[in-house]
Protein chains: 2
Amino acid sequence: MKCTRCKAKAEVHLRAHNAGFCRPCYLEYFRRHVERAIARERMFTPEERILVAVSGGKDSLALWDVLVGLGYQTTGLYLGLGIGGYSDRSRETVEEFAAARALPLVVRTLADEGPGLAVPDVAVSTRRVPCAACGAMKRHFFDAAAHEGGFDVLATGHNLDDEAARLLGNVLRWQRDHLSRQRPVLAPSHPKFVRKVKPLYLLSEYETAVYAFMRGIPYVVEECPNAEGATQLLYKDALNRLEAASPGTKHAFVKEFLRSAQGLFAGDAARDVPGECQQCGMPAYGALCSFCHLVREVETKRARRAAAERPGA
Amino acid sequence: MKCTRCKAKAEVHLRAHNAGFCRPCYLEYFRRHVERAIARERMFTPEERILVAVSGGKDSLALWDVLVGLGYQTTGLYLGLGIGGYSDRSRETVEEFAAARALPLVVRTLADEGPGLAVPDVAVSTRRVPCAACGAMKRHFFDAAAHEGGFDVLATGHNLDDEAARLLGNVLRWQRDHLSRQRPVLAPSHPKFVRKVKPLYLLSEYETAVYAFMRGIPYVVEECPNAEGATQLLYKDALNRLEAASPGTKHAFVKEFLRSAQGLFAGDAARDVPGECQQCGMPAYGALCSFCHLVREVETKRARRAAAERPGA
């Protein structure tokens, strides 16, 4: 196969787009794709300060790399989840990436934020699925870091496969509220929130992996050990089978949803404006934000256990 | 496992409903389910005459059987598609079913309706996928037979698996026009059309198979030979995998769509009222209905071939 742009020998074949690219043209295609998505969806401008959530995986590091290449003002944010060796290797990877490029990086660690706040500890003490506990904590620290650092935008590395799997899950249960908010750009619903954007939302996992490989970006290949058997992976598997039989399925599913169906659900989006959490001051729909609610639950469980272990109890 | 209704030994386990039934209770459950669907969706009344499209498969024969048991006025309609031995065996099965119960049956055969109209011939001469040619012809003959016979309703045996697969296909491409019409009851858009209903739309393929087995209904087990590799089967396979991991997925997908999302697309349903086909007089959006358009295409191809084969041509 020949490169669709320059007719040199192609190194990568994108079945969904019926296109092939040599290495330089692929990198150009990827960069342009991200640049166009940012402009089309009005994600941010070169004047704005962008906080990029980086996990150490290919998607978030590819995103950071391409945003730096396009000349945007970026700062990385790494949140240590405390998931054993996986978290150790993720942190090292992110720190090396930032150091090699002299990029600013904010590192926060759940275990340092309070006793018993590492993901596995919270999951055990609150009897939650680890992914649920992790999601709630990530959201809180991402929001808080963006607000405290005075950033204009929070960017995440969600790719087409993530978005298609999420859309399939939302559609299988027709969760109108979730469908009304599944967009590549989410405007803040409170002055302490910042705009959230997903510049890779139409680039597949395969495309970001090829970009990271061609750019020589070292990334953590292993999946989070908690992800195994997660529903999200089931949806990805189902979509991958449909994609194999009919290339372009995922892209059409997400793109056509945003183009012609998402607006039908957006009427539902008139949610209450959040108040502020009595504990941390971040936006909250009740007296406490869901993070502080979780922290209180962990503290209660710890206090009970300590009381039970006290001599004479 | 014990029967959810009478505590006897269960013969069938419905994971999606977390229920088990002995044979008599299962038959009762199935009948009641159909009866409630008919009433809830106002499909038809005991005073109305129902034309039941029967293919010889488990779904349509189970439907006919249960409607007769519930006391409705039914007539069967079998359309011979001309798909070799499969069609021969289907016709025999349907004729034996009707004869054994002394039920009225209308039989029509595509090959008798005009030269070259059997499904395989049309597919070859018009270079269509067989399923596309078959669908257009079935729709025409079902509509025409219902109109000519003065029936009030046309009932088909589409089950939950059919509806879920169709919904997934429509959603993957966000075909708003199709989504606006995917309902268990379709009101006629022209005086020559009759109401179309799907009383089994929330009963799974497994449930109709169990009903047909328990009632001792002989049915054609083989799939149509054209169906192999059809997209619909891919969608069914994907949904079966999701159902296995999370029983009830298909039921929730279809039911919740109808309950809370279908109305959002229904705004699109303001279609033009059809006129009448210049050829056959049935409703049509252009000068010819899609069936007569297909017939004309077949005739043109046949005439061209005959001219080419004439001596001296």
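Structure first, text after, so check above.
Here the structure is a predicted model, which means the values were calculated and not measured.

### What about the overall build of chain A?
Across its full length, chain A holds 12 helices and 10 strands. What you see for chain A is a C-alpha radius of gyration of 21 Å, in line with the 20 Å of a compact globule of 313 residues. In terms of its C-alpha atoms, chain A occupies a principal-axis envelope of roughly 80 × 45 × 40 Å. Across the 313 residues that make up chain A, the buried fraction comes to 49%. Considering only residue pairs separated by 6 or more positions, chain A has 70% of its internal contacts joining residues 24 or more positions apart. Roughly 15,000 Å² of accessible area belongs to chain A as shown, and the carbon and sulfur atoms make up 51% of that amount.

### Description of the packing of helix H5 (residues 119–126) of chain A against helix H12 (residues 290–309) of chain A
Residue and element names in this part refer to chain A. Between H5 and H12, the least distance of the axes is 9 Å, while the angle of their chain directions is 70°. Judged on the interaxial angle alone, H12 and H5 are roughly perpendicular. Note that H5 runs across H12; the crossing there is left-handed. For the pair formed by H5 and H12, the contact residues are Val122, Ser125 and Thr126 on the first element and Leu294, Glu297, Val298, Lys301 and Arg305 on the second. Here the residues of the contact of H5 with H12 sort into three nonpolar, two polar and three charged.

### Notes on helix H7 (residues 160–172) of chain A
Residues and elements named next belong to chain A. In this model, H7 (13 residues) spans 18 Å end to end at C-alpha, consistent with the 18 Å of a helix rising 1.5 Å per residue. The residue sitting at the N-terminus of H7 and contributing the capping side-chain oxygen is asparagine 159; that oxygen lies 2.9 Å from the backbone nitrogen of aspartate 161. Among the residues trailing H7, tryptophan 174 stands out with phi positive, at a value near 50°.

### Observations concerning the sheet that holds strand E7 (residues 185–186) of chain B
Residue and element names in this part refer to chain B. Here six strands make up an open sheet; going across it, the order is E5-E4-E3-E6-E8-E7 and the pairing mixed. What marks the edges here is a single partner per strand, and that holds for strand E5 (105–109) and E7. Direction of pairing for strand E3 (residues 49–53) relative to strand E4 (residues 73–80): parallel, over a ladder of five bridges. Across the sheet, residue arginine 49 finds its bridge partner in E4, namely glutamine 73. Against the sheet, helix H3 (residues 84–101) makes contact with E4 and E5, and its axis sits at roughly 165° relative to E5, the strand it touches most.

### Focus: the pairing of E4(B)
Each regular strand displays side chains that alternate between the two surfaces of the sheet. Residue and element names in this part refer to chain B. Among the eight residues of E4, seven are classified as buried, and the element is accordingly described as predominantly covered. After leaving E3, the chain enters helix H2 (residues 58–69) and then returns to the sheet as E4, a path that is right-handed. Of the pairings in the sheet, the one linking E4 to E5 comprises five bridges and is parallel in character. Within E5, the residue paired with glycine 80 across the bridge is threonine 109. The parallel pair E4 and E5 is bridged by H3, and the resulting crossover is right-handed.

### Comments concerning the packing of aromatic side chains
Aromatic ring pairs are described here by two measures, namely the spacing of the ring centres and the angle between the planes. This model, assessed by the stated rule, comprises 26 aromatic pairs over all chains. Between Trp174(A) and Phe257(B), the aromatic rings sit 5.1 Å apart at their centres with planes inclined by 45°, giving tilted as the arrangement. In this pair, Trp174(A) sits in the loop between H7 and helix H8 (176–181) while Phe257(B) sits in helix H11 (residues 249–266), so the two residues belong to two different chains. Residue Trp174(A) is classed as buried on the basis of its relative accessible area, which comes to 2%. Here the aromatic rings of Phe141(B) and Phe291(B) are separated by 5.0 Å at their centres, their planes lie at 75°, and the arrangement is edge-to-face. On the criterion of sequence distance, the pair formed by Phe141(B) in helix H6 (residues 130–148) and Phe291(B) in helix H12 (residues 290–309) is long-range, its members being 150 residues apart. Arg49(A) extends its terminal NZ or CZ atom over the ring of Phe151(A), reaching a point 4.2 Å from the ring centre.

### Section: the interface of chain B and chain A
Across the contact, 23 residues belong to chain B and 23 residues belong to chain A. At the boundary of chain B with chain A, total buried surface from both sides reaches about 2,100 Å², with 77% on carbon and sulfur atoms. Sorting the residues of chain B by area buried against chain A places Leu172(B), Trp174(B) and Leu264(B) first, and these three jointly supply 33% of that buried surface. Where chain B touches chain A, the interface holds zero salt bridges. Within the residue set of the side of chain B that touches chain A, elements represented by two or more residues are helix H7 (160–172), helix H10 (231–245) and H11 of chain B. With nine residues, H11(B) is the single largest residue contributor to the side of chain B that touches chain A. Considering only residue class, the side of chain B that touches chain A consists of 17 nonpolar, two polar and four charged.

### Overview of the relation of the copies chain B and chain A
With an RMSD of 0.0 Å, the operation that places chain B on chain A is a rotation of 180° combined with a shift of 0.0 Å along the axis. Put plainly, the chains are arranged around a two-fold axis. Minimal C-alpha separation from the rotation axis in chain B is found for Ala238(B), amounting to 2.8 Å. The residues that chain B uses at the interface reappear at the interface of chain A in 100% of cases, marking a shared surface.

Each value, and the rule that gives it
Residues numbered from 1 in each chain as written. Chains lettered and ligands numbered in written order. Predicted model: local features only at pLDDT ≥ 70, side-chain atom pairs only at ≥ 80, totals over all residues. Heavy atoms only, no water. Helix = DSSP H or I, 4+ residues; strand = E, 2+ residues; numbered from the N terminus. Rg over C-alpha atoms; globule rule 2.2 N^0.38 Å. Buried < 20%, exposed > 50% of the residue type's maximum accessible area, 1.4 Å probe, protein only. Contact = heavy atoms within 4.5 Å. Areas by Shrake-Rupley, 256 points an atom, 1.4 Å probe, with all protein chains shown as cover. Axes fitted to C-alpha atoms, helices over the stretch in contact; angles between N-to-C directions. Parallel < 35°, antiparallel > 145°, perpendicular 65-115°, else oblique. Left-handed = near helix turned anticlockwise from the far one by under 90°. Nonpolar A, V, L, I, M, F, W, Y, C, P; charged D, E, K, R; others polar. Expected span 1.5 Å × (residues − 1). Polar contact = N/O pair within 3.5 Å; in protein donor to acceptor, adjacent residues only side chain to side chain. Pairing = 2+ DSSP bridges. Right-handed = clockwise from strand over helix to strand, strands pointing away. Phe/Tyr/Trp six-rings, centres within 6.5 Å; stacked < 30°, edge-to-face > 60°. Lys NZ or Arg CZ within 6 Å of the ring centre and 35° of its normal. Buried area = accessible area lost by both parts, 1.4 Å probe. Salt bridge = Lys/Arg side-chain N within 4 Å of Asp/Glu carboxyl O. Least-squares fit on C-alpha atoms with pLDDT ≥ 70 in both.

By themselves, these are just geometric observations and shouldn't be taken as functional.
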